[in-house]
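Structural description and commentary
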Amino acid sequence: MQTRAMFRWGQLCSRVFAVEFNVRSKSLYFSLSSNPQVLPRGLQELFGDSGKVFSVLVHSENRIKKAQMLANIKHKLSITLSRDCDVFEASSFLPDAKNSVVKGVFIRDKSATCVSEDTLRTLQQENDAICVFSYKSEGQHCWQELWTPANHEEVSKLDRKCLYVNHSPEAEHHPTTLDIKNSDVFYSVNEAINVLRECVDIIPESKEVLKLVDKQLETRRSDGFPVIVIEGLDATGASSRFGTFPEVSHSPESSASPEFSAFPWLGCSPLKCSAPPQSSASPPNLVPYQNPLKTLTCFPIGKTTLTEALKESMNATLLKSPPQRLAPFRQRFDSEPPLIRRAFYALGNYITAAHIAKESLRAPVIVDRYWHSTAAYAIATAVGGRMENLPKPGSELYQWPEDLLQPNLVLLLTLSPEERVRRLRDRGQDKTTEETELELNQIFRLKVEEAYKRIQNPRCMIVDASPSPQQVLQQVQRLIRNKCHL
Ligand SMILES: Nc1ncnc2c1ncn2[C@@H]1O[C@H](COP(=O)(O)OP(=O)(O)O)[C@@H](O)[C@H]1O
Ligand SMILES: Nc1ccn([C@H]2C[C@H](O)[C@@H](COP(=O)(O)OP(=O)(O)O)O2)c(=O)n1
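Here goes a summary of the coordinates provided. Predicted model only: the values in this text are computed from it and were never measured.

**Some points on the overall build of the protein chain**
- Counting secondary structure elements, the protein chain contains 16 helices and 13 strands.
- In the protein chain, 78% of the contacts between residues at least 6 apart in sequence involve partners at least 24 apart.
- Carbon and sulfur atoms form 50% of the exposed surface of the protein chain, whose accessible area is close to 20,500 Å².

As structure tokens, then:
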């Protein structure tokens, strides 16, 4: 009832729909009205004249349920839809209204089968929070129809009325940025705690994490030795916006970043990205598509080498975020949707902060990843499409949480694209693979790097990690001497 109420006639007409049709170009926006309109070329291309077109949106007052449902839909689509289907990130929102975003996917099916309809029908019947629309076009007009759930006979006549697709101007702020605060990035310990509290029934490990936070919360810091954070932009992912799936989660055996999606075809331009190698006649429940580039995407930058060398040379204490005590739970939370996963990493920072407060009284502290990692990866992952969609520089989303202990210096290790290619070549990757890797990862990597650079108070300083380990160490030692007066 809730979902249908939300998508009643009047509500639908005030909302804007966004589709990440091509990661290299602007999102496509459309609205709905009772008046037909000749569509501009981009939208005509989106709705096309061949194949069936659907969108699926998930709405629930329960944010945990909503996040898990969306992940479940993406997973189901990934294992059932054929290679003739393109799936894009989609959302519906009220322009510039925070927290008005309803997320989902947009599907274009060029197959001759009914697999997509059957899958969507099953999903819709399983859950009242899932709303399915189909799109039909005639000439230059296109209209949207809301699917009536088979088990809800009482849907009002208005709900069944079709609405024409109209062009909508580009939103000033990309819709995904309206939803980042307290969904992807947390700006106080209590906001992150709330998410894990809401999860305790479905993720028992949440209780253990909350217990550790309770014990460790004291993070005030009196003057002590300097605290230096080393960040690295090594773990990158292709189409990273879909969160993690169990088969690519962080584990001692897997070197793939949690950012990495097993379904790179989701959200990519169908012109560029190939669909999973399944035939249209493939039965459902196939093993999810495994990206052949998986082993390439986690690219070591030398962060461990540097932090160990700093520890030795400065007689420092080396800490990590998330801390070792959270290691047993990391794989579990990496397999959860962003809302839950990011809350876990946020709490990891607060636990590490308590260790920093204690250890910096005795010696300098080197921290391997901290809030910059949490925020930059979360923002770059949450924001769909191209770099320009990131929150603008100076946005409140880049502000350091007021209740989180601040380090004295944050250094970000980066590699130039040329050096990255050179190192890949040294590792014996052939040219074709290299180019594919670069192409798939480039947009995401650039977004993470840009998000890192936009974070304020404290800002990070960029360190070129291309020279030899010894030279990188010397460069960093010089910076520490200058900035921390050591
Ligand atoms: N500056 C560097 N230049 C070339 N190779 C390096 C450099 N720093 C580290 N390495 C090598 O790269 C590999 C990964 O280093 P590591 O410090 O574990 O990376 P990360 O912690 O970023 O994953 C190791 O074999 C290490 O010897
Ligand atoms: N403090 C932290 C540390 C890592 N993360 C997330 C961000 C990325 O998804 C991964 C990167 O961590 P990963 O362990 O793969 O990277 P390294 O082993 O340090 O190279 O974890 C975080 O959100 N907050």
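Now that the structure is up, let's keep going.
**A short note on the packing of helix H7 (residues 189-199) against helix H12 (residues 338-359)**
- The geometry of H7 relative to H12 is characterised by a closest axis approach of 9 Å and an angle of 130° between their N-to-C directions. On the basis of the axis angle, H7 is oblique to H12. Considering the relative orientation of H7 and H12, their crossing is left-handed. For the pair H7 and H12, contact is made by Val189, Ala192, Ile193, Val195, Leu196 and Cys199 and by Leu339, Ile340, Ala343, Phe344, Ala346, Leu347 and Tyr350, respectively.
- Partitioned by chemical class, the residues of the contact of H7 with H12 number 13 nonpolar, no polar and no charged.

**Focus on the site of ligand 1**
- Close to ligand 1 lie 13 residues; Gly302, Lys303, Thr304, Thr305 and Pro467 are nearest.
- In this structure, Thr305 approaches ligand 1 through a side-chain N or O atom, which is 2.5 Å from an oxygen atom.
- Contacts to ligand 1 include Pro467, whose backbone N or O atom sits 2.8 Å from a nitrogen atom.
- Broken down by secondary-structure element, the contributors of at least two residues to the shell around ligand 1 are helix H10 (303-314) and helix H16 (469-484).
- Residue contributions to the shell around ligand 1 peak at 3 residues, all from H10.
- Partitioned by chemical class, the residues of the shell around ligand 1 number 6 nonpolar, 4 polar and 3 charged.

**Some remarks on the packing of aromatic side chains**
- Per the counting criterion, the structure on display carries 18 aromatic pairs.
- Measuring from centroid to centroid gives 6.2 Å for Phe17 and Phe133, while their planes differ by 85°, and the two rings are edge-to-face. Pair noted here: Phe17 is in strand S1 (residues 16-19) and Phe133 is in strand S6 (residues 130-138), with a separation of 116 residues, a long-range link.
- For Phe133, a relative accessible area of 0% corresponds to the buried category.

**Some details on helix H13 (residues 371-382)**
- Here H13 spans 16 Å end to end across 12 residues, near enough to the 16 Å set by a 1.5 Å rise per residue.
- The buried count for H13 comes to 12 of 12 residues, which makes it a mostly enclosed element.
- All of the buried residues in H13 are Trp371, His372, Ser373, Thr374, Ala375, Ala376, Tyr377, Ala378, Ile379, Ala380, Thr381 and Ala382.

**Digging into the state of the cysteines**
- Summed over the entire model, instances satisfying the criterion amount to 0 disulfides.
- Just so you know, Cys114 is unpaired, no disulfide at all, and the nearest cysteine sulfur is the one on Cys85, 11 Å from it.

**A short note on the nonpolar core**
- Counting 62 residues, the largest nonpolar core has Val195, Val209, Leu347 and Tyr370 as the members making the most contacts within it.
- Of all the elements, H12 adds the most residues to this core, at 12 residues.
- Excluding anything up to four places from it in sequence, Val195 contacts Arg63, Ile64, Phe186, Leu339, Ile340 and Ala343.
- Residues Leu12, Val19, Phe47 and Leu146 belong to the second largest nonpolar core, which totals 24 residues.

**Describing the side chain of Ser206**
- Residue placement: Ser206 occurs in helix H8 (residues 205-216).
- Residues in contact with Ser206, not counting those within four places in the same chain, are Leu196, Cys199, Val200 and Phe333.

**Focus on the pairing of strand S5 (residues 102-109)**
- The element S5 is largely enclosed, with a buried count of 7 among its 8 residues.
- Looking at chain direction, strand S3 (residues 52-58) and S5 are connected through 6 bridges and run antiparallel. Residue pairing for S5: Leu57 is matched across the bridge by Gly104.

**Regarding unusual backbone geometry**
- The amide bond that connects Ser321 to the next residue, Pro322, takes the cis arrangement and shows omega of 0°.
- Considering the arrangement of structural elements, one finds Pro322 in the loop between strand S10 (317-320) and helix H11 (327-334).
- Cis peptide bonds are those with omega within 30 degrees of zero, and the linkage from Asn457 to Pro458 qualifies with 5°.
- Considering the arrangement of structural elements, one finds Pro458 in the loop between helix H15 (431-454) and strand S13 (461-464).
- Positive phi outside glycine occurs at Asn315, with the angle close to 55°.
- Tracing the chain through its elements places Asn315 in the loop between H10 and S10.
- Taking relative accessible area as the criterion, Asn315 reaches 65% and is therefore assigned exposed.
- The backbone phi angle of Arg369 is positive, close to 70°, even though this residue is not glycine.
- Tracing the backbone shows Arg369 in the loop between strand S11 (365-368) and H13.

The rules behind the values
Residues numbered from 1 in each chain as written. Chains lettered and ligands numbered in written order. Predicted model: local features only at pLDDT ≥ 70, side-chain atom pairs only at ≥ 80, totals over all residues. Heavy atoms only, no water. Helix = DSSP H or I, 4+ residues; strand = E, 2+ residues; numbered from the N terminus. Contact = heavy atoms within 4.5 Å. Areas by Shrake-Rupley, 256 points an atom, 1.4 Å probe, with all protein chains shown as cover. Axes fitted to C-alpha atoms, helices over the stretch in contact; angles between N-to-C directions. Parallel < 35°, antiparallel > 145°, perpendicular 65-115°, else oblique. Left-handed = near helix turned anticlockwise from the far one by under 90°. Nonpolar A, V, L, I, M, F, W, Y, C, P; charged D, E, K, R; others polar. Near = heavy atom within 4 Å. Polar contact = N/O pair within 3.5 Å; in protein donor to acceptor, adjacent residues only side chain to side chain. Phe/Tyr/Trp six-rings, centres within 6.5 Å; stacked < 30°, edge-to-face > 60°. Buried < 20%, exposed > 50% of the residue type's maximum accessible area, 1.4 Å probe, protein only. Expected span 1.5 Å × (residues − 1). Disulfide = S-S within 2.5 Å. Core = buried A, V, L, I, M, F, W, Y, C linked by side-chain atoms within 4.5 Å. Pairing = 2+ DSSP bridges.

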